[in-house]
Amino acid sequence: MAGLLACLGVALGGCGATSKEVAVQNAKPGDLLVEADGSRVELVRAFTPGIANGLHKGVVKITSDAQDAKKQMYEVTAICSVKGEPGWQAYDNIYGDPISDLNAKRTFPVKGRWQFLFHYDGRTEKTGSLESSAWVSRLKDNLCRKGDFDDT
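Criteria and thresholds
- Starting afresh in each chain, residues are numbered from 1 along the sequence in its written order.
- Only residues with pLDDT of 70 or above have their local features reported here, since the model is predicted, and side-chain atom pairs are shown and tallied only from 80 upward, although totals for entire chains, interfaces and linings are computed over all residues.
- Hydrogens and water molecules were not included; the side-chain quantities draw on all heavy atoms of the structure.
- Two rings from Phe, Tyr or Trp (for Trp, the six-membered ring) form a pair when their centres are within 6.5 Å of each other. A pair whose planes differ by under 30 degrees is stacked, one over 60 is edge-to-face, and the rest are tilted.
- Think of it in three bands: residues with accessible area under 20% of the maximum for their type are buried, residues over 50% are exposed, and the middle band is partly exposed, with areas taken using a 1.4 Å probe on protein chains only.
- For the purposes of this analysis, a disulfide is any pair of cysteine sulfur atoms at a distance within 2.5 Å.
- Only runs of H or I of at least four residues qualify as helices and only runs of E of at least two qualify as strands under DSSP, and these elements are numbered from the N terminus.
- Any two residues whose heavy atoms approach within 4.5 Å are treated as being in contact.
- Throughout, nonpolar core names a set of buried Ala, Val, Leu, Ile, Met, Phe, Trp, Tyr and Cys residues whose side chains join them through atoms within 4.5 Å.
- Under this definition, polar contacts are N or O atom pairs within 3.5 Å; protein pairs additionally need one hydrogen-donor-capable and one acceptor-capable atom, and for neighbouring residues in sequence, both atoms have to be side-chain atoms.

Chemist: It is not clear to me how the packing of aromatic side chains should be interpreted in this structure. Could you clarify?
Modeler: Any pair of aromatic rings gets described here by the distance separating the centres and the angle formed by the planes. Following the criterion strictly, the structure yields five aromatic pairs and no others. Seen in terms of ring centroids, F116 and F118 are 6.0 Å apart; in terms of plane orientation they differ by 20°. Their pairing is stacked. Each member of the pair, F116 together with F118, is buried. Taken together through their ring pairs, the aromatic side chains of Y74, W114, F116, F118 and W135 make up a single cluster.

Chemist: I keep staring at the state of the cysteines and nothing clicks. Help me out?
Modeler: Each disulfide consists of a covalent bond between the sulfur atoms of two cysteine residues. Summed over all chains, the structure comprises one disulfide. Bridging C80 to C144, the disulfide has an S-S length of 2.0 Å. Residues C80 and C144 are joined by a disulfide whose S-S torsion is about -85°; by sign, that bridge is left-handed. Remark: C144 occurs in helix α2 (residues 134-144) and C80 occurs in the loop between β5 (71-79) and β6 (91-99); sequence separation between them is 64 residues.

Chemist: Can you help me understand the side chain of K140 in this one?
Modeler: Relative to the helices and strands, K140 resides in helix α2. When residues no more than four places from it in sequence are discounted, the contact partners of K140 are D92, I94 and F118.

Chemist: Looking at this model, I keep getting lost on the nonpolar core. Mind explaining?
Modeler: Side chains of nonpolar character tend, in soluble globular proteins, to be buried together. One finds V76, I94, W114, W135, L139 and L143 to be the most contacted residues of the largest nonpolar core, which totals 25 residues. For this core, the elements supplying multiple residues, two or more each, are β1 (32-36), β2 (39-45), β4 (54-64), β5, β7 (114-119) and α2.

Chemist: Explanation requested: the environment of A36 in the structure shown.
Modeler: Relative to the helices and strands, A36 is located in strand β1. In the structure, A36 is positioned 103 residues away from L139 in sequence and 9.4 Å away in space, judged by C-alpha atoms. Aside from chain neighbours lying at most four places away, what touches A36 is A134, W135 and R138.

Chemist: Explanation requested: the side chain of R138 in the structure shown.
Modeler: Relative to the elements of secondary structure, R138 occurs in helix α2. Only 2.5 Å separates the side chain of R138 from the side chain of E21, close enough to count as a polar contact. Other than its neighbours up to four places away in sequence, R138 contacts E21, V34, E35, A36, D148 and F149.

Chemist: What exactly am I supposed to notice about α2 here?
Modeler: Because each turn of an α-helix spans 3.6 residues, side chains separated by three or four positions in sequence point in the same direction. Of all eleven residues that make up α2, nine are buried, and the element is covered over most of its length. Lining the buried residues of α2 we find β1, β2, β4, β5, β6 and β7. Two residues or fewer after α2 comes R145, characterised by a positive phi angle close to 55°.

Function cannot be inferred from these measures alone, as they are strictly geometric.
Shown next as structure tokens:
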């Protein structure tokens, strides 16, 4: 009986545990890609691999732990570069378009589009309506397999 209670305690304790981030190459819809500064980024639709350095039109859902608990989906593209390689840009590029329906046809330009260029010299250029947030940089690292997500 004591063993059964111990197992039950471990199982119930696990229910409150936070999810672990999953590298994009191993992620399935519903998996947590990034957790940073009270925001969670979950994969909704898998990214399509593009040219050697791109992941295109994946959909992620951002959930904030703030009092208003906002949720927003974005169709995201990341164009990743390789530092020091001739002919490659000296920055990683990530941009997204807010969406509310996965199946809706999108027209361009999209109102609310945002873009970040993460330069290798430490500068970050931002355009669009999204405020700088730790989840953007962390998502870029996951999509570009850098930082904690470097698997080389």
